[in-house]
Amino acid sequence: MTRPDGGVPLALAVDIGGTKIAAGLVAADGTLAEHRRMATPAGPEILETVFELARPLVGRAAVCGIGTAGTVDPRGRIASATDLLTGWAGTDVKGAAERTLALPTVVLNDCHAAGAAEARAGAARDARTALVVAIGTGIGGAVCVEGRVRTGVSGTAGSIGHLPAPTTAGARCSCGALDHVEAHASGPAIERAYREQTGRALPLAEIGRLGSRVITDAATLLGRVLAGAANLIDPDAIVIAGGVSMLGPALLRPMEAAYRAETLPGPSAAPILPAALGADAGLVGAGLEALSHLENGSSCAAF
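With an unreviewed UniProt entry as reference, the protein is termed Glucokinase, source organism Nonomuraea angiospora. Regarding the protein, the UniProt comment filed under Sequence similarities (unreviewed entry) reads as follows: "Belongs to the ROK (NagC/XylR) family."

Undergrad: Got a minute to help me understand the environment of glycine 59 in this structure?
TA: Note that glycine 59 resides in the loop between helix H1 (45–54) and strand S4 (63–68). Each C-alpha atom, one on glycine 59 and one on valine 133, is 34 Å from the other, the two residues being 74 residues apart in sequence.

Undergrad: Whenever I open this one, the layout of surface pockets confuses me. Can you help?
TA: One number sums up the size of the second largest pocket: a volume of about 370 Å³. Along the walls of the second largest pocket sit 23 residues, with Pro74, Val106, Val107, Leu108 and Thr151 positioned nearest its centre. Secondary-structure elements contributing two or more residues to the lining of the second largest pocket are strand S7 (105–109), strand S10 (148–149) and helix H10 (281–295). Residue contributions to the lining of the second largest pocket peak at 5 residues, all from S7. Looking at side-chain class alone, the lining of the second largest pocket contains 9 nonpolar, 9 polar and 5 charged residues.

Undergrad: In this structure, what is going on with the packing of H1 against helix H2 (residues 93–101)? I would like to understand it.
TA: Packed helices, taken two at a time, are described by the angle between their axes plus the distance between the axes. Axis separation between H1 and H2 bottoms out at 11 Å; the angle between their running directions is 40°. Classified by the angle their axes make, H1 and H2 are oblique. Seen along the crossing, H1 lies across H2 with a hand that is right-handed. Contacts between H1 and H2 involve Leu47, Phe51 and Ala54 from the former and Ala96, Ala97, Thr100 and Leu101 from the latter. Residue composition of the contact of H1 with H2, by class: 6 nonpolar, 1 polar and no charged.

Undergrad: So what exactly am I meant to see when it comes to the sheet that holds strand S1 (residues 11–16) here?
TA: Strand pairing in a sheet relies on backbone hydrogen bonds, with the paired strands running either antiparallel or parallel. If you walk across this open sheet you meet the 5 strands as S3-S2-S1-S4-S7, and the pairing is mixed. Either end of the sheet is taken by a strand with one partner, and the two such strands are strand S3 (32–39) and S7. Averaged over all neighbouring strand pairs, the angle between strand axes comes to 15°, with direction disregarded. Here S1 runs beside strand S2 (residues 20–26); their pairing, made up of 6 bridges, is antiparallel. In the sheet register, alanine 13 faces S2, and the bridge partner there is glycine 24. Along the sheet face, H2 touches S1, S4 and S7 and points at about 145° away from the line of S7.

Undergrad: I tried to follow the environment of alanine 42 on my own but got confused; where do I start?
TA: Position of alanine 42 among the secondary structure elements: in the loop between S3 and H1. Of the residues examined, alanine 42 reaches a relative accessible area of 58% and is grouped as exposed. Along the sequence, alanine 42 and threonine 86 sit 44 residues apart, while their C-alpha atoms lie 6.4 Å from each other.

Undergrad: Hey, could you run me through the pattern of salt bridges in this one?
TA: Any two side chains of opposite charge can pair, on the condition that their charged atoms come close. The full count for this structure, using the stated rule, is 13 salt bridges. One salt bridge connects glutamate 196 with arginine 192, and the closest N-O pair in it is separated by 3.9 Å. Here arginine 192 and glutamate 196 lie together in helix H5 (residues 187–198), a separation of 4 residues that amounts to about one turn. Note on glutamate 196: relative accessible area 61%, which makes it exposed. Here arginine 192 falls in the partly exposed class, since its relative accessible area comes to 26%. A salt bridge links arginine 213 to aspartate 217, with the nearest nitrogen and oxygen atoms 3.0 Å apart. Residue arginine 213 and its partner aspartate 217 are both found in helix H7 (residues 213–233); the two are separated by 4 residues, about one turn of the helix. Overall, arginine 213 belongs to the exposed group, its relative accessible area being 56%. Overlapping salt bridges, with partners in common, bring together Arg120, Arg148 and Glu289 in one network.

What counts as what
- Residues numbered from 1 in each chain as written.
- Predicted model: local features only at pLDDT ≥ 70, side-chain atom pairs only at ≥ 80, totals over all residues.
- Heavy atoms only, no water.
- UniProt positions renumbered as here; feature names shortened; annotations may be inferred.
- Helix = DSSP H or I, 4+ residues; strand = E, 2+ residues; numbered from the N terminus.
- 1 Å grid on protein atoms, 1.4 Å probe; cavity = no way out; pocket = protein on both sides within 12 Å on 5 of 7 lines; lining within 4 Å.
- Points joined across faces, edges and corners; volume = space filled by probe spheres on them.
- Nonpolar A, V, L, I, M, F, W, Y, C, P; charged D, E, K, R; others polar.
- Axes fitted to C-alpha atoms, helices over the stretch in contact; angles between N-to-C directions.
- Parallel < 35°, antiparallel > 145°, perpendicular 65-115°, else oblique.
- Left-handed = near helix turned anticlockwise from the far one by under 90°.
- Contact = heavy atoms within 4.5 Å.
- Pairing = 2+ DSSP bridges.
- Buried < 20%, exposed > 50% of the residue type's maximum accessible area, 1.4 Å probe, protein only.
- Salt bridge = Lys/Arg side-chain N within 4 Å of Asp/Glu carboxyl O.

In structure tokens form, the structure reads like this:
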């Protein structure tokens, strides 16, 4: 399908995160252009910021894809959200975007969007089944099969950060439950653990440079949880993304050691790969998901 002007279709892509909102134009090969970003405001101003970023790009797009923090239901509404985005739960993102931008719109969780990008144009592009894990302010994931994200009936599939960690330390997760792995291995969780153990508050990067034991402990818990997930779905590859992964070997080596120790022989052979698309993965994936609906001839109502 081509645009009315005869050119190759582009998607207006938006990535809504806890600290920033980004927008750009995405082509079918994953190329990103016209990248724009602003800080994420509080509450109802989120959509205003989205539309401010998006309006200059609308005229060049055939469809819109939005990746956002929170659980997205099949209608494109935010079914639930952690306290990282105050007042976001219940927002009809799809409806508001289609009314304001006049483009057919697909809305998906931001980790699902990043997973779609890595599965189609990134580190997992040669894998039939991939588990993509994003470790940052929270921990999210995506199960991708033949390049498509499996969102599940309620939109929560791949939520690896909310699997129980093998501990009873009593750490509170952002979702409110106790001892989910996000409460132990996310960036804020590692910073909190270091502060509690040493009495000093340091940013994650500095903790990484010091080679603190808290990183090893967090990585080991995460590796064990990854092993359980891999034993369940038997992926061809596991892709590790997100800002915390920038800690490099200090995180990845103990995580992989714990993973290999607890996986069955088949899943144990799956490579653990660094993400290829970096901070742009959510934007690229949102755009590619939207374009896939356009190519398949889906109507606006079916998105």
